[in-house]
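Now for the letters of each chain:
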Amino acid sequence: MMCAIIFNMFNKDRHYRHEYKYIEPEVRLLTAELRLNAVMKKDSHVSDKGYYSIRSLYFDDYDDSFLYENISGVDEREKWRIRIYDRSSSFISLERKSRKSDLISKDSCEIDADTFDNIMKGKMDIKDGNPPLLNEFYIGMRTRLIRPAVIVEYERTPFIAKDGNTRVTFDRNIRSSSELDALLADRELASRPVLAHGQNLLEVKFDGFLPDHIAHTIETGYMRRETFSKYYLARKFTFTGLTLHQYNHI
């Protein structure tokens, strides 16, 4: 019971956003991308390629609670992950993504490579000088035995607009890997796709409203919202399937 109290303490005062997801064939994404170029800007972090790669190490507890809450459709749930961009360890982000129905919230803090290495070794250094989110994560490691579960990697093309604080992203080549210790490796990981060939993910995030001109630009007439979880599919489509247990590598 105390564990639940500790974690629920941090749910107040979060900023929640709407998040819509669509599985779309590449030809529709290309069409939407061409149209969005006229009404939205690319995120400033993209390179000349027009996209960046994301590699995330997801965590779960001893009972795989985050996974099974997702499968069961629990209304309020969360995920923990550590994320890097373009295979670079120059910026490592610890993130907690929380969901309430169709609303999502993300808290994050930067950590260094030594902290990441200690997390992978199961070392917990709770102290006042840490970012509060990192201490919360350490508490989860101690009380719920949170440990690494799977890596998710993909390429993201992001568009942004001030109206509605809107963000539209195209996530391509989504794949999972069981090389849990290789998050910071500057190389391809052994992985497998989690979607059928030619299928990719379109995500739309916004605050209070989705501007009409953006909604009309994206809409193709064939779109259907999905309850899509990269984490669930990544756990399902590892080389050993959902029987993979995150404690085997420790």
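Presented here is a report on the structure given in the accompanying data block. Please read all numbers here as calculations on a predicted model, not as lab measurements.

1. Considering the pattern of salt bridges
Now for step 1: In total, this model carries 31 salt bridges according to the counting rule given.
Now for step 2: Residues Lys 21 and Glu 203 are paired through a salt bridge, measuring 3.8 Å at the closest nitrogen-oxygen approach. On the criterion of sequence distance, the pair formed by Lys 21 in strand β1 (residues 17–25) and Glu 203 in strand β10 (residues 199–206) is long-range, its members being 182 residues apart. Accessibility assignment for this pair places Lys 21 and Glu 203 in one class, buried.
Now for step 3: A salt bridge links Glu 203 to Arg 156; the nearest nitrogen and oxygen atoms lie 3.6 Å apart. Of this pair, Glu 203 sits in strand β10 while Arg 156 sits in strand β7 (residues 147–161), and the two are 47 residues apart along the sequence.

2. Some remarks on the layout of surface pockets
Now for step 1: In this structure, the largest pocket spans a volume of roughly 800 Å³.
Now for step 2: Lining of the largest pocket is provided by 36 residues; of these, Arg 83, Tyr 85, Lys 106, Arg 156 and Arg 167 occupy positions nearest its centre.
Now for step 3: With six residues, the top contributor of residues to the lining of the largest pocket is strand β5 (residues 88–100).
Now for step 4: Broken down by class, the residue content of the lining of the largest pocket amounts to 10 nonpolar, 10 polar and 16 charged.
Now for step 5: As a volume, the second largest pocket reaches approximately 490 Å³.
Now for step 6: Considering the residues around the second largest pocket, the lining is formed by 25 residues, among which Arg 77, Arg 99, Glu 226, Thr 227 and Phe 228 are closest to the centre.
Now for step 7: For the lining of the second largest pocket, the secondary structure elements donating two or more residues are β1, α3 (65–72), β4 (76–85), β5 and α7 (230–236).

Cut-offs and rules
Residues numbered from 1 in each chain as written. Predicted model: local features only at pLDDT ≥ 70, side-chain atom pairs only at ≥ 80, totals over all residues. Heavy atoms only, no water. Salt bridge = Lys/Arg side-chain N within 4 Å of Asp/Glu carboxyl O. Helix = DSSP H or I, 4+ residues; strand = E, 2+ residues; numbered from the N terminus. Buried < 20%, exposed > 50% of the residue type's maximum accessible area, 1.4 Å probe, protein only. 1 Å grid on protein atoms, 1.4 Å probe; cavity = no way out; pocket = protein on both sides within 12 Å on 5 of 7 lines; lining within 4 Å. Points joined across faces, edges and corners; volume = space filled by probe spheres on them. Nonpolar A, V, L, I, M, F, W, Y, C, P; charged D, E, K, R; others polar.

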